[in-house]
Structures are given as C-alpha cells and as structure tokens.
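Observations on chain architecture
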Amino acid sequence: MLFRRAIPPLLSHAATRHHFSTAMSLKSLSKIPHRSRAKAIQQAQEALTDYLHAVRTIPYTFAENISKYSVVSLSATISKVKFSTSEFPKSLQRLFRYHPVNEFELFFESIGIDVDELDGVLPAHKFFLSQDLDTFNAACTLYGFGFPWNKLGILYKEEKTIFDKGPSELKEIWSKYKDCGLTSSSLVGICLVFPHVLLNGDSALVNDLKRVILDFDLSKDMVGDVDSWIDICKKIRLFYNLGCEKDDIFDMIGRNKTILACYSEEFLSEKVEYFCGFDVTKEEVVSLLLLENEIFEYDLKTPVFCVMRLLRHFGMDENHLVLITKKYPYVFGKNRLANLPHVMRALNVNRWFFDKLKYGGFQLFKSYQIINSDQGIDKDFADSILRIQSSRLSVHTFGKLQFLHSIGYGENGLTIKVLKLVHGTSSQLKERFLCLLHNGVEFSKLCKMISISPKILNQQSESLERKVRFLCEDIDPSLNYLDGFPAYLCFDLEKRIRPRYRFHTWLMEMGLCERKYSLSSMISTSEGTFIDRVYRIHPAAPKIYLEIFLKRL
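Criteria and cut-off values
Residues numbered from 1 in each chain as written. Predicted model: local features only at pLDDT ≥ 70, side-chain atom pairs only at ≥ 80, totals over all residues. Heavy atoms only, no water. Helix = DSSP H or I, 4+ residues; strand = E, 2+ residues; numbered from the N terminus. Buried < 20%, exposed > 50% of the residue type's maximum accessible area, 1.4 Å probe, protein only. Contact = heavy atoms within 4.5 Å. Areas by Shrake-Rupley, 256 points an atom, 1.4 Å probe, with all protein chains shown as cover. Axes fitted to C-alpha atoms, helices over the stretch in contact; angles between N-to-C directions. Nonpolar A, V, L, I, M, F, W, Y, C, P; charged D, E, K, R; others polar. Salt bridge = Lys/Arg side-chain N within 4 Å of Asp/Glu carboxyl O. Phe/Tyr/Trp six-rings, centres within 6.5 Å; stacked < 30°, edge-to-face > 60°. Lys NZ or Arg CZ within 6 Å of the ring centre and 35° of its normal. Polar contact = N/O pair within 3.5 Å; in protein donor to acceptor, adjacent residues only side chain to side chain. Parallel < 35°, antiparallel > 145°, perpendicular 65-115°, else oblique. Left-handed = near helix turned anticlockwise from the far one by under 90°. Arc of directions from axis to C-beta. Core = buried A, V, L, I, M, F, W, Y, C linked by side-chain atoms within 4.5 Å. pLDDT = per-residue confidence, 0-100.

Take the overall build of the chain next. Of the regular secondary structure elements, the chain holds 33 helices and 2 strands. Taken across its 553 residues, the chain has 48% of its residues classed as buried. For the chain, the proportion of contacts with a sequence separation of at least 24, taken over those separated by at least 6, is 70%. Summed over its atoms, the accessible surface of the chain is roughly 27100 Å², and 51% of this surface lies on carbon and sulfur atoms.

Pairs of packed helices are described in terms of their axes, by the angle between the two and the distance that separates them. For the pair helix H18 (residues 282-291) and helix H22 (residues 350-367), interaxial distance at closest approach is 10 Å and the crossing angle is 35°. Facing Glu-284, Val-285, Ser-287, Leu-288 and Leu-291 of H18, the residues of H22 in contact are Arg-351, Phe-354, Leu-357 and Lys-358. Broken down by class, the residue content of the contact of H18 with H22 amounts to 5 nonpolar, 1 polar and 3 charged.

For the structure on display, the rule yields 18 salt bridges. A salt bridge links Lys-379 to Asp-383; the nearest nitrogen and oxygen atoms lie 3.0 Å apart. Taken together, the positions of Lys-379 and Asp-383, both in helix H23 (residues 379-389) and 4 residues apart, correspond to about one turn of that helix. We note a salt bridge from Glu-442 to Lys-445, for which the minimum N-O separation is 3.9 Å. When its relative accessible area of 32% is taken as the criterion, Lys-445 is described as partly exposed.

On to the packing of aromatic side chains, then. Evaluation of the coordinates by the stated rule reveals 32 aromatic pairs. Ring centres of Tyr-328 and Tyr-330 lie 6.4 Å apart, and the angle between their planes is 85°; on these two criteria the pair is classed as edge-to-face. With a relative accessible area of 4%, Tyr-328 lands in the buried category. Since its relative accessible area comes to 3%, Tyr-330 is described here as buried. An aromatic cluster of three or more residues is present, and its members are Phe-62, Phe-104, Phe-107, Phe-108, Phe-136, Tyr-143, Trp-149, Tyr-156 and Phe-163. When the ring centre of Phe-530 is taken as origin, the NZ or CZ atom of Arg-500, which lies over that ring, is 4.4 Å away.

This part takes up the side chain of Thr-141. Within the secondary structure layout, Thr-141 lies in helix H8 (residues 133-145). Setting aside anything within four residues of it in sequence, one finds Thr-141 in contact with Pro-167, Leu-170 and Lys-171.

This part is about the side chain of Thr-49. Assignment of secondary structure puts Thr-49 in helix H3 (residues 37-55). The exposure class assigned to Thr-49 is buried, which follows from its relative accessible area of 0%. A polar side-chain atom of Thr-49 sits 2.8 Å from the main-chain carbonyl oxygen of Gln-45.

Phi angles above zero are rare outside glycine, and His-125 is one such case at about 60°. Its location among the elements puts His-125 in the loop between helix H7 (103-110) and H8. Using a relative accessible area of 81% as the deciding quantity, one classes His-125 as exposed. Of note in this structure, Asn-348 is not a glycine but carries a positive phi near 60°. Within the fold, Asn-348 resides in the loop between helix H21 (340-346) and H22.

Once that is clear, we can look at the packing of helix H10 (residues 167-178) against helix H11 (residues 184-193). Remark: H10 packs on H11, axes separated minimally by 11 Å, with the N-to-C direction vectors making an angle of 120°. The orientation of H10 with respect to H11, classified from their angle, is oblique. Two packed elements cross with a definite hand, and for H10 against H11 that hand is right-handed. Together, Trp-174, Tyr-177 and Lys-178 of H10 and Ser-184, Leu-187, Val-188 and Cys-191 of H11 make up the contact between the two elements.

Another point: helix H32 (residues 527-537). Structurally, the α-helix is built with 3.6 residues per turn, so residues lying three or four positions apart point the same way. By the burial criterion, the buried members of H32 are Phe-530, Ile-531, Arg-533 and Val-534. Looking straight down H32, one finds that the buried residues subtend no more than 160° of arc, so they occupy a single side.

So, on to the nonpolar core. Judged by nonpolar contacts, the single largest core of 98 residues is most densely connected at Phe-275, Phe-278, Leu-340, Leu-347, Phe-365, Phe-433 and Tyr-488. Not counting residues within four places of it along the chain, the set of residues in contact with Phe-365 comprises Tyr-298, Leu-300, Phe-314, Leu-337, Leu-340, Phe-353 and Leu-357. Judged by nonpolar contacts, the second largest core, of 68 residues, contains Ala-44, Phe-96, Ile-173 and Trp-174.

Attention now moves to the confidence of the model for the chain. Considering every residue of the chain, the mean pLDDT works out to 84; 88% of them sit at 70 or more. Mean pLDDT in the chain bottoms out at helix H1 (residues 2-6), which sits at 31, and peaks at H21, which reaches 97. Counting interchain partners and residues more than four positions distant, the pLDDT-below-50 stretch residues 1-25 has 42 contacts.

Okay, here's the thing in structure tokens:
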C-alpha cells in the first residue's frame, strides 16, 4: 500500500526505548521473544495508525498520537496475535480490520490517563470515537493550541467539562488570552496547572500570572518549552495554596526571581514543610520565607548543632535554660538541623524560636557556628554507638535511634536508655507516635511520657487509640492523667483497665468504698494485690469482680 509505505517512523530511538522498557514489564508480551519486542511494538503502532487513519478516517496526526502514547493498551491488544517475525505486520492489519479495538481505551491512555484509571473515564456501551466526538474534538482543538497530546489528561482529570466545550468556544477563550501578550508555551503551562481558566475564563488569574512572567522577564531565564512553564506555574500555585497574597508573591519574586527559576517545586515544598514543623500556620511560614529569601540557600538538613549552645545563641534567659534542662534532659546534646523544629517542640519552645526567626533572627541562625559531628560528643552515647555498630542488628537499631532523634531526642545517655526499651521498626515507632499525637497528646508531653515509660511505643496504634478514647470518654477528657501516669498506655484495656476502673466506680456508687483510689493504684497493682484490696473492702467484692465485671468483658 502506498499509504502504508508513506508512514514515517512513529518514535525516535529514545522514545522507542522508553516504550519498550515500559512494555517489557507487561505480561501480555511474554509470548513475544525479548529481542523482538521493541520492533513488534513499533509495527503495532504503525498498523494502528494505518487503521485509525485509513479505516476510521481519523486525521493522520491524531491517529499517530493515539498510537504513540497508548503502548500499554496496545500491548494488551497485540497479545492476541500469534507472533511470527515474517507474518506479524500482516496479522496486525487483519486484527485491526476484522477485530476493531476499543478506541476510547487507546485515546484516554494516549492523553495521559493511567490505564488503572480507565474504568472511571470510559463511556458506557461505546466503542468508537465517532460515537462521542465532543471529547475527541476538544482534544484535537487543544492540541492545535500547542497542548502536548499526552498531557491533555491533566485537564480531563481536573476539569472534565472543558471537553464538553465546542471548538469555537475553546478558540474564543484562547484568543482572549493570546491577546494578553503571552507566548503559547507559557499560556499552555498556565492552563495545565490552573485548568479552570479554560472553563470559566479567569482573566484576573491569567493577568496576574502575566505580570509575573512579563514584568520580571522570566522568559529570559526559561528554555521556553511547555514543561518549563508547567514547572514555574506549579511553584506559583504552591504559594497560592499556602494562602499567600498575590502581591506578596510578586514582591518576593521581584526581589529574588531565582526562587521560581532555580528551585524545584519539591525543594520549595520541603522548605515549607520544614518550617511548618515548628507547629505554626502556613501563613506564618510563607511570611518568614517572604522576609528571608536567604533561607532558600541554607542547608537545613545535614549540619549538626548543640541544643544548649543554639538556645544561648538565640538569647534564651539562663534561668529558663536551667529549668528546661532539668525538665527535658533527654533533648539536650547534639542533633541535626533536619530535626530542629521537633527539638524545639520537644522543649516546648517552638513558638519562641520561630518568632525569633521571623523577627530578624535568621541572621542569628546564619551566624551560629555549626559544630563538627565529633565535637563535644557525650561519652556514654559514643560508647553505646560503638556497641551498636558491632551488633548483629545495627541497621535496625540505628533506624530506631534516627526516629528518636527526629522527635527531638539528643545524643545523650538518656536517649540510649529509651532506645533499649522500644521495640519495632522506625516506621512502626513513627506510626505509634503520630497516633498519640493525632489523638490529642501534646508533642512535648508525649516526648516526656516516652522518656518515663518508653514501652508506650511498643503498643499497636489501634490499641493506643482505644485506650486514649476510653480515657477521654470515661476518665478525663483533658488527658491530664497521662502526665503523671503515662504507663496507663502500656496496660491491657479489656483485661485490666476497663474492668478495674468500672468496678471501682461501681463500688463508689454503691457506697462500699469510701476511698477513691488513683488510676495508677487501680491499674498498676498485680492481680493478687488487687483482689486482696477488694476483699478488704468487702468479702463478697472479689466474686462480683471476677464473675461480673471481668468475665463480662
């Protein structure tokens, strides 16, 4: 066929290699010899393009795009064909002509929707694109504006109704934005990050973004491709989502436009997340970042600091320093800057420290002399590290130690004592810690509770949550009991805490017990001691406890 021979190679060598590597993991291609898969995929793409264009009358450019970017669905289709090096191309042509494929499946994958998500977007009882041309026509129109074909799925997932608009309506919206003076690539980037501008014609947002792009001449620092503009717009959206005022964003970029040009979205998100670790609002974090652009240049991960020296450097009163040293001794010593926010939360001075940073204190931060990791090391801690390094479970133990450092515990002997008593992987310990945190226990109090009763972290998250719920609903909504009796969380809820507490409450209500026992006295005593105490209250009480309260639970 003349038409068949006229089709140019569908993929560059690099693209073929990419799709081949994707397809290699597909079980559907297991019957095709490994060395022949790349060629088989290319032949399948050519055959599909031929079918969509010549048989289904889809314009060649769009037929090629569908074939090029639907490798997973296409691979499942060609698995039905018996592979033969010489006959495979002809077999594919027969397959497409006499066993038509689901065009919507191929189309939606080609515009960038993952195959695992196709069930949620495929129209019911429709097989051919001609049965529902609105979505396809909208995609073709957007592609004509400069949208990458395989990124149109971003728009579809975010604002599906864009694809309900006719070509003329889309062209009208696009023309209005083009008149603003933006390049096609920058406008495409804006639309892919803020899809609603194509839905309701948000000229105000486009004009704001135009101000950032044109007034600060970002185009000079940009490659100019769509991916670069998407990256820029995602960073602007990050600050929008943090509640940052537009004028503040413009002011920040005006003072240091490298914020958008040089730093990745992930890098900026990490900075925001880091300072949110001080337990302050996102608005306060943005305010700090706007005031101190140098923060972006500072390494907040690897340097080591001494807690005592840093607090003194920031001007903490000596009397206050003595008090918190006695109250939170397990926090002091050395730690890494990556853990600084949680160190301050563990000391309950996070608000004070953040305010110091916010009101000019970052210069203090910069002037603080970072110490060497071997400088001023605690001897007990150092000896313990040597023993851990030579142990069989060193990797596991260091993982637990890293978790304790991450919640504010310093390099000191007390941390090692806690380390020996906590069991589980670092991820399990973190999950249990966050469980208690999310159930209302304050950060600094929780760290102190762990220093007193480390075995708290040996309990499963579900068990901890049930115990906290019982404490709040039946004993003390403020969780104050945990301050003086953190070991409460280590006892069994169903076999000890609940029956003993409710039995004691019943005794008080019946007037049989004149003395109100503390929660720790009720729970921490052994079973034998508890039964003896109950017997002294009333000879019949043990029988009631064992047969009614304990047995019922």
